[in-house]
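Residue strings, one per chain:
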Amino acid sequence: MLSLLAERPMHGYEIIQEIARRTGGAWSPSPGSVYPTLQMLADEGLVTAEEEGGKKLFNLTEHGRTEHTAPPWRDIDIQLDPVDGELRTSVRLLGAAMEQISHAGTPEQKARAAELYTELRRKLYAILAEE
């Protein structure tokens, strides 16, 4: 987070999106981990938070600038297979579709989606068994 804020001030949600983008989806922190961390960094005097349009805009302090190190996603890029990012994106999109069905689908649609999910899980395990 310090490395991102060294580049420019950001809102918490922007930080989440930027970490996910820079790691090719390998690391996508949750709001439940980002916002408490930002509060901790503010308590330690490493960042400040200003209200902007009903949201908090976080900025690195001078003390924070001296504490930040090289961004961790540089190491991740070296280790990732490019297909991993595509797979993670597909999983997120599938999860989003399933969540929408869960909230807005009829009982019949939910049942069909559950069957499809079960079939997909079986097929995924079958792919692993092909070796």
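Anyway, here's the lowdown on the structure attached to this text. Fair warning: this is a prediction, and the values are worked out from it, not measured in the lab.

Regarding its fold elements, the chain presents seven helices and three strands. Along the chain, helices and strands appear, N-terminal first, in the series α-β-α-α-β-β-α-α-α-α. Computed over C-alpha atoms, the radius of gyration of the chain comes to 20 Å, more than 25% over the 14 Å expected from 2.2 N^0.38 for 131 residues, which places it beyond the range of a compact globule. If one aligns the C-alpha atoms of the chain with their principal axes, the spans along those axes are about 55 × 40 × 20 Å. For the chain, the residues scored as buried account for 24% of the 131 residues in total. Put simply, 47% of the contacts in the chain that link residues at least 6 apart link residues at least 24 apart. Charge-centre separation for the chain: the mean point of 14 positive side chains lies 5 Å from the mean point of 21 negative side chains.

A word on the pairing of strand E2 (residues 47-52). Across a regular strand the side chains alternate sides, sitting on one face of the sheet and then on the other. In this sheet, strand E3 (residues 55-60) lies alongside E2 in antiparallel orientation, the contact comprising six bridges. Within E3, the position partnered with Ala49 by the bridge is Phe58. Counting the residues between successive antiparallel strands, the hairpin from E2 to E3 contains two residues, one of them, Gly53, with a positive phi of roughly 60°.

Here we come to the sheet that holds E2. Ordered in space as E1-E3-E2, the three strands form an open sheet in which the pairing is antiparallel. Of all strands in the sheet, those bounded by a partner on one side alone are strand E1 (10-11) and E2.

Evaluated as defined, the whole model comprises six salt bridges. The shortest N-O distance in the salt bridge between Glu7 and Arg22 comes to 2.5 Å. One end of the pair, Glu7, is in helix H1 (residues 2-7); the other, Arg22, is in helix H2 (residues 12-22), and 15 residues separate them in sequence. Among the ionic pairs, Arg22 bridges to Glu18, the shortest N-O distance being 2.6 Å. Here the residue Arg22 and the residue Glu18 both occupy positions in helix H2, the gap between them amounting to four residues, near one helical turn. Sharing partners across several salt bridges, the network here consists of Glu7, Glu18, Arg21 and Arg22.

With that out of the way, let us pick up the nonpolar core. Counting residues in each nonpolar core, the largest one holds 14 residues, and the members touching the most others are Leu2, Leu5, Ile15, Leu38, Leu41 and Val47. Beyond its immediate chain neighbours, meaning those up to four positions away, Leu5 contacts Met10, Ile15, Leu38, Val47, Phe58 and Leu60.

Basis of the calculations
- Residues numbered from 1 in each chain as written.
- Predicted model: local features only at pLDDT ≥ 70, side-chain atom pairs only at ≥ 80, totals over all residues.
- Heavy atoms only, no water.
- Helix = DSSP H or I, 4+ residues; strand = E, 2+ residues; numbered from the N terminus.
- Rg over C-alpha atoms; globule rule 2.2 N^0.38 Å.
- Buried < 20%, exposed > 50% of the residue type's maximum accessible area, 1.4 Å probe, protein only.
- Contact = heavy atoms within 4.5 Å.
- Lys, Arg positive; Asp, Glu negative; His and termini not counted.
- Charge placed at Lys NZ, Arg CZ, Asp CG, Glu CD.
- Pairing = 2+ DSSP bridges.
- Salt bridge = Lys/Arg side-chain N within 4 Å of Asp/Glu carboxyl O.
- Core = buried A, V, L, I, M, F, W, Y, C linked by side-chain atoms within 4.5 Å.

Just distances and angles here, no functional claims.
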